[in-house]
Amino acid sequence: MGRRRAGRAKPTVSSHVPVAGLYDTDTGTCELIKDPYRDSGWILEVNGVPSSHIDPDDPTLLEFEYMRWITMLVHSHFSRDTRLRVLHLGGGACTMARYLAATYPEARQVVVEIDGRLAELVREWFDLPRAPLLRIRVGEARSVLTSLTDATRDVIVRDVFAIDRTPVALTTVEFTRQARRVLAPGGLYVVNCGDTRDLTTARREAATIGSVFEHTVMIADPAMFKGRRYGNLIIAGSDRPLGESDALIRDLLGGAVPAQIKHTEQTRMFAAGSKVLDDSEAPRRPGPGTPRPS
């Protein structure tokens, strides 16, 4: 199908029929593209950057490796009968939220998306769980996080990008302390960190998260850890041990892209000498964010 501009015309909300095309949004454009390799799959690009893959027929399908790593970590941290309270900072097509709704049926989730029109389109295209199981809240990630009550979330996932970088205001120690405040005891804070081969951003993020949480882990493929390519690393923190199960290590090694996990001491060594990020480095008004895959 050729590329077409769909503008702000909307399909019927109850139809949940995706229509390929280029759409205007509040922060630019998004394009919905049919997956050429999977009949029921769709790719969402936001402002020209691949953002999400979603299969309406299979909520447990995760095409992006970094999403698989996050869910493996969540599964190792919480049993599947847990009534999880999850906050997603960064929405996209709600692929991660849809997956957790399928694997944690009692979960209550909020997805924070800065682009209101994009949130409307995703609701129209895909059969997402309805509130209270899944709410989409339009707003800026930091503003929403700081407005939340203490100890009201079990998992916070930060997956916000402006083109190829996470806004600095969402990486600082002040922001990370807010995340810890909102997490319940034993909760999990996990971020998708995109970086270049020099890994400067990843080291500083690891140092920052490690300064707030007692336990930290990092997950990436070996080439990424060795600085051989641009890509994604997962960094997570908790006030209780995480990522220590043998099953998690096996699952990470057994994926399509085998991954390694660095535990607390290894993460500290990785971040050694790196300066903690703070609000003095952040613009006064962080720009809009869009999720970014590997």
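Presented here is an overview of the structure given in this document. Everything numeric in this text was worked out from a predicted model, so none of it was measured.

What counts, and where the lines are drawn
- Residues numbered from 1 in each chain as written.
- Predicted model: local features only at pLDDT ≥ 70, side-chain atom pairs only at ≥ 80, totals over all residues.
- Heavy atoms only, no water.
- Core = buried A, V, L, I, M, F, W, Y, C linked by side-chain atoms within 4.5 Å.
- Buried < 20%, exposed > 50% of the residue type's maximum accessible area, 1.4 Å probe, protein only.
- Helix = DSSP H or I, 4+ residues; strand = E, 2+ residues; numbered from the N terminus.
- Contact = heavy atoms within 4.5 Å.
- 1 Å grid on protein atoms, 1.4 Å probe; cavity = no way out; pocket = protein on both sides within 12 Å on 5 of 7 lines; lining within 4 Å.
- Points joined across faces, edges and corners; volume = space filled by probe spheres on them.
- Nonpolar A, V, L, I, M, F, W, Y, C, P; charged D, E, K, R; others polar.
- Salt bridge = Lys/Arg side-chain N within 4 Å of Asp/Glu carboxyl O.
- Pairing = 2+ DSSP bridges.
- Axes fitted to C-alpha atoms, helices over the stretch in contact; angles between N-to-C directions.
- Right-handed = clockwise from strand over helix to strand, strands pointing away.
- Parallel < 35°, antiparallel > 145°, perpendicular 65-115°, else oblique.
- Left-handed = near helix turned anticlockwise from the far one by under 90°.
- Phe/Tyr/Trp six-rings, centres within 6.5 Å; stacked < 30°, edge-to-face > 60°.

## A few points about the nonpolar core
Inference 1: If you look at the biggest cluster of nonpolar residues, it comprises 34 residues, and the most contacted ones within it are Leu87, Leu89, Ile156, Tyr189 and Leu233.
Inference 2: With five residues, the single largest contributor to this core is helix α6 (residues 200-212).
Inference 3: In this view, Ile156 contacts Leu87, Leu89, Leu145, Ala179, Val182, Leu183, Leu188, Tyr189 and Val190; residues no more than four positions away in its chain are not counted.
Inference 4: Counting residues in each nonpolar core, the second largest holds 30 residues, with Phe64, Tyr104, Val157 and Ile234 among its members.

## Regarding the layout of surface pockets
Inference 1: Roughly 220 Å³ of internal volume is contained in the largest pocket.
Inference 2: Lining the largest pocket are 13 residues, with Arg165, Thr166, Val168, Thr171 and Thr201 positioned closest to its centre.
Inference 3: Among the elements of the structure, β10 (183-195) and α6 are those that each provide at least two residues to the lining of the largest pocket.
Inference 4: Sorting elements by how many residues they give to the lining of the largest pocket places α6 first, with three residues.
Inference 5: Of the residues that constitute the lining of the largest pocket, the class distribution is four nonpolar, four polar and five charged.

## Overview of the pattern of salt bridges
Inference 1: On inspection of all chains with the given rule, the structure shows eleven salt bridges.
Inference 2: Close ionic contact of Arg117 with Glu120 constitutes a salt bridge, the shortest N to O distance being 3.0 Å. Taken together, the residues span about one helical turn, with Arg117 and Glu120 both in helix α3 (residues 116-125) at a distance of three residues.
Inference 3: A relative accessible area of 38% means that Glu120 is categorised as partly exposed.
Inference 4: Across the salt bridge formed by Arg229 and Asp221, the nearest N and O atoms sit 2.2 Å from each other.
Inference 5: By relative accessible area, Arg229 is classed as partly exposed at 28%.
Inference 6: Salt bridges sharing common partners tie together Arg117, Glu120 and Glu124.

## Examining the sheet that holds strand β11 (residues 215-220)
Strands in a sheet are paired, the pairing made by backbone hydrogen bonds, and the direction either parallel or antiparallel.
Inference 1: Pairing is mixed in the open sheet, where eight strands are placed in the order β8-β7-β6-β9-β10-β12-β11-β13. The sheet terminates laterally at β8 (134-138) and β13 (260-262), the two strands that pair on one side only. Adjacent strand axes in the sheet meet at a mean angle of 15°, parallel and antiparallel pairs treated alike.
Inference 2: Bridge count between strand β6 (residues 85-89) and strand β7 (residues 108-113): five bridges; the pairing is parallel.

## Digging into the side chain of Thr216
Inference 1: Note that Thr216 resides in strand β11.
Inference 2: With a relative accessible area of 2%, Thr216 lands in the buried category.
Inference 3: In this view, Thr216 contacts Ile209, Gly210, Ala236, Gly237, Leu242, Lys262, His263, Thr264 and Thr267; residues no more than four positions away in its chain are not counted.

## Re the pairing of β8
Inference 1: Pairing geometry for β7 and β8, over five bridges, is parallel. Residue pairing across strands places Val112 opposite Arg137, the latter belonging to β8.
Inference 2: Handedness of the β7-α3-β8 crossover: right-handed.

## Details of the packing of helix α5 (residues 173-182) against α6
Inference 1: Running from N to C, α5 and α6 point in directions that differ by 45°, and their axes come no closer than 9 Å. Judged by the angle between their axes, α5 and α6 are oblique. As for how α5 packs across α6, the hand of that crossing is right-handed. Each of Val173, Thr176, Arg177 and Arg180 in α5 lies in contact with α6, whose residues at this interface are Thr208, Ile209, Ser211 and Val212.
Inference 2: Residue composition of the contact of α5 with α6, by class: three nonpolar, three polar and two charged.

## Some remarks on helix α2 (residues 95-103)
Inference 1: Across the nine residues of α2, seven count as buried, placing the element largely inside the fold.
Inference 2: Along α2, the residues that are buried comprise Thr95, Met96, Ala97, Arg98, Tyr99, Leu100 and Thr103.
Inference 3: Residues of α2 that are buried sit in contact with β5 (49-54), α1 (65-77), β6, β7 and β8.

## Observations concerning the packing of aromatic side chains
Inference 1: All chains considered together, the criterion is met by five aromatic pairs.
Inference 2: Note on Phe225 and Phe270: the rings are 6.3 Å apart at their centroids and 75° apart in plane angle, and the pair reads as edge-to-face. Of the two residues, Phe225 sits in helix α7 (residues 222-225) while Phe270 sits in helix α9 (residues 264-271), which places them 45 residues apart along the sequence.
Inference 3: An aromatic cluster is built from Tyr23, Trp125 and Phe126, whose rings are joined through pairwise contacts.

The quantities given are spatial measurements derived from coordinates; they are silent on function.
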